[in-house]
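Now for the letters of each chain:
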Amino acid sequence: MDVEDVPEVGPIDYLVLEFPGNRMTGEGLSHLIDLVDRRVIRILDLSFMRKDVDGSVTALQIADLDGDGELDLAVFDGASSGLLGEDDLQEAAADLEPGSSAGVLVYENLWAAPLATALRRSGARLVAGGRIPLGNLLTALDSLE
């Protein structure tokens, strides 16, 4: 496919968020919804799982994560692009501590789509990327003082 034919797409990222002790409070949910509403990100896939103390992994339904019968994340029901496969979930589960739950989120950075498209059209290509963990950043800042 020619670069000119590629639709405007921002970088795609993923997060695996572990909730020790199966404690998903939903505290960050309003912030996630705000990012979507403001078109900062677009959620492509959202899955949840629980890893029991015996190591077995169970997929959790998005609609009712805490089992109280109320729709906790109905706003994200159907957020499944197909990018996140069973093998990805199993790989994510391998990093979880037994007795915890996790959310796996795949999202497009909509804020960066125009920049990424312009760079692709100019012939630029991404050759590396990554994130600096907060602990490393704080350590580096402390060493500067």
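Student: Help me out: how do you make sense of the overall build of the chain in this one?
Tutor: Check the secondary structure of the chain and you find 4 helices and 4 strands. Contacts in the chain between residues at least 24 apart in sequence constitute 80% of all its contacts with a sequence separation of at least 6. With the model as given, the accessible surface of the chain reaches about 10,000 Å², and the carbon-plus-sulfur share is 55%.

Student: Help me understand the nonpolar core, please; the structure alone is not making it clear to me.
Tutor: Considering soluble globular proteins, one finds that nonpolar side chains tend to be buried as a cluster. By size, the foremost hydrophobic cluster in this structure holds 10 residues: Leu44, Met49, Leu84, Leu89, Ala92, Ala93, Leu96, Ala102, Val104 and Val106. Contributions of two or more residues to this core are made by β2 (41–51), α2 (86–94) and β4 (100–109). With near-sequence residues (within four places) excluded, Ala92 lies in contact with Val16, Met49 and Val104. Leu32, Ile41, Ile43 and Phe48 belong to the second largest nonpolar core, which has 8 residues in total.

Student: Any chance you could explain the side chain of Ser101 here in plain terms?
Tutor: Take Ser101: it is sitting in strand β4. If near-sequence neighbours (up to four positions away) are discounted, Ser101 is found in contact with Leu17, Glu18, Phe19, Asn22, Met24, Met49, Arg50 and Leu60.

Student: What's the story with a negative patch on the surface in this structure? I'm lost.
Tutor: Judged by side-chain charge, Glu18, Glu86, Asp87, Glu91, Asp95 and Glu97 come together as a negatively charged surface patch. Considering every element that reaches the negative patch, the biggest residue donor is α2, with 3 residues. With respect to the helices, strands and loops of the structure, Asp87 is situated in helix α2.

Student: Where do I start with the layout of surface pockets in this structure?
Tutor: Any empty space left between atoms is shown by rolling a water-sized probe over those atoms. Its volume calculated, the second largest pocket comes out at about 440 Å³. What lines the second largest pocket is a set of 15 residues, among which Pro11, Ala116, Leu119, Leu126 and Gly129 lie closest to the centre. The leading source of residues in the lining of the second largest pocket is helix α3 (residues 113–121), at 4 residues. Along the lines of polarity and charge, the residues of the lining of the second largest pocket split into 8 nonpolar, 3 polar and 4 charged.

About the thresholds
- Residues numbered from 1 in each chain as written.
- Predicted model: local features only at pLDDT ≥ 70, side-chain atom pairs only at ≥ 80, totals over all residues.
- Heavy atoms only, no water.
- Helix = DSSP H or I, 4+ residues; strand = E, 2+ residues; numbered from the N terminus.
- Contact = heavy atoms within 4.5 Å.
- Areas by Shrake-Rupley, 256 points an atom, 1.4 Å probe, with all protein chains shown as cover.
- Core = buried A, V, L, I, M, F, W, Y, C linked by side-chain atoms within 4.5 Å.
- Buried < 20%, exposed > 50% of the residue type's maximum accessible area, 1.4 Å probe, protein only.
- Patch = residues over 30% accessible without salt bridge, like charges linked within 9 Å, V, L, I, M, F, W, Y side chains within 5 Å.
- Salt bridge = Lys/Arg side-chain N within 4 Å of Asp/Glu carboxyl O.
- Lys, Arg positive; Asp, Glu negative; His and termini not counted.
- Charge placed at Lys NZ, Arg CZ, Asp CG, Glu CD.
- 1 Å grid on protein atoms, 1.4 Å probe; cavity = no way out; pocket = protein on both sides within 12 Å on 5 of 7 lines; lining within 4 Å.
- Points joined across faces, edges and corners; volume = space filled by probe spheres on them.
- Nonpolar A, V, L, I, M, F, W, Y, C, P; charged D, E, K, R; others polar.

Distances and angles like these do not, on their own, reveal function.
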